Amino acid sequence: MSKPIALAADHGGFELKEAVRAHLDEIGVAYKDFGSFDGASCDYPDMAEPACRAVVAGECDKALLFCGTGVGISMSANKIHGIRACCCSDAFSAEYTRRHNDANALCMGGRVVGAGLAIYLVDLFLNTPFEGGRHQRRIDKITDLEQRG
Ligand code: RB5
């Protein structure tokens, strides 16, 4: 059985997370929801951290993260070693961040993209493989940057 997808959102991304969660239910993709569970005001770094740590620990496969713009939660996610998060609102970026960057977190803004587009981007992101080859060398250099601090 494949590992669950990690979900997390602050209040700005809560409704979009809920729409994506309903989609994952519909298509039978397992997930672990790290909140927010009620859309009350909260801080996106606090929401990003447990979801991203679950990915790095190998408990979850990838993370889908939401805030108002997608930006704050992607900045937070990218501070966690081993996370390669992309803030996306277009199909080309969602596809190529998998093909070339082996991204393991997709971040979107609930005040930027509608549910229909978000679901389309999620499907692309989850179903596109990493191409490896010369791109692996570049990923290794990202990891090296992390390790050198
Ligand atoms: C919260 O109001 C908002 O600042 C947050 O969701 C996000 O957009 C930050 O990047």
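Structure: see above.
None of these values were measured; they are calculated from a predicted model.

Asker: Would you explain the nonpolar core in this entry?
Answerer: Nonpolar side chains in soluble globular proteins generally cluster together in the buried interior. Of all hydrophobic cores here, the largest spans 21 residues; its most connected members are Ala6, Phe34, Leu65, Ile73 and Ile83. Sorting the residues of this core by element identifies strand 1 (5-9), helix 2 (44-56), strand 3 (63-67), helix 3 (71-77) and strand 5 (105-109) as the ones contributing at least two each. Ranked by residues supplied to this core, first place goes to helix 2 with six residues. Residues within four places of Phe34 in sequence aside, it is in contact with Ala6, Leu7, Ala8, Met47, Pro50, Ala51, Ala54 and Cys60. The next biggest cluster of nonpolar side chains, apart from the first, holds 20 residues, and it includes Cys86, Ala103, Val113 and Ala118.

Asker: So what exactly am I meant to see when it comes to the packing of helix 1 (residues 14-27) against helix 5 (residues 115-127) here?
Answerer: Running from N to C, helix 1 and helix 5 point in directions that differ by 55 degrees, and their axes come no closer than 10 Å. In this view, helix 1 runs oblique relative to helix 5, as classed from their interaxial angle. Regarding helix 1 and helix 5, the two cross each other, and that crossing is right-handed. Where helix 1 approaches helix 5, its residues Leu16, Ala19, Val20, His23, Leu24 and Ile27 are matched on the opposing element by Ala115, Ala118, Ile119, Val122, Asp123 and Leu126. Among the residues forming the contact of helix 1 with helix 5, the class breakdown is 10 nonpolar, one polar and one charged.

Rules used in this analysis
- Residues numbered from 1 in each chain as written.
- Predicted model: local features only at pLDDT ≥ 70, side-chain atom pairs only at ≥ 80, totals over all residues.
- Heavy atoms only, no water.
- Core = buried A, V, L, I, M, F, W, Y, C linked by side-chain atoms within 4.5 Å.
- Buried < 20%, exposed > 50% of the residue type's maximum accessible area, 1.4 Å probe, protein only.
- Helix = DSSP H or I, 4+ residues; strand = E, 2+ residues; numbered from the N terminus.
- Contact = heavy atoms within 4.5 Å.
- Axes fitted to C-alpha atoms, helices over the stretch in contact; angles between N-to-C directions.
- Parallel < 35°, antiparallel > 145°, perpendicular 65-115°, else oblique.
- Left-handed = near helix turned anticlockwise from the far one by under 90°.
- Nonpolar A, V, L, I, M, F, W, Y, C, P; charged D, E, K, R; others polar.

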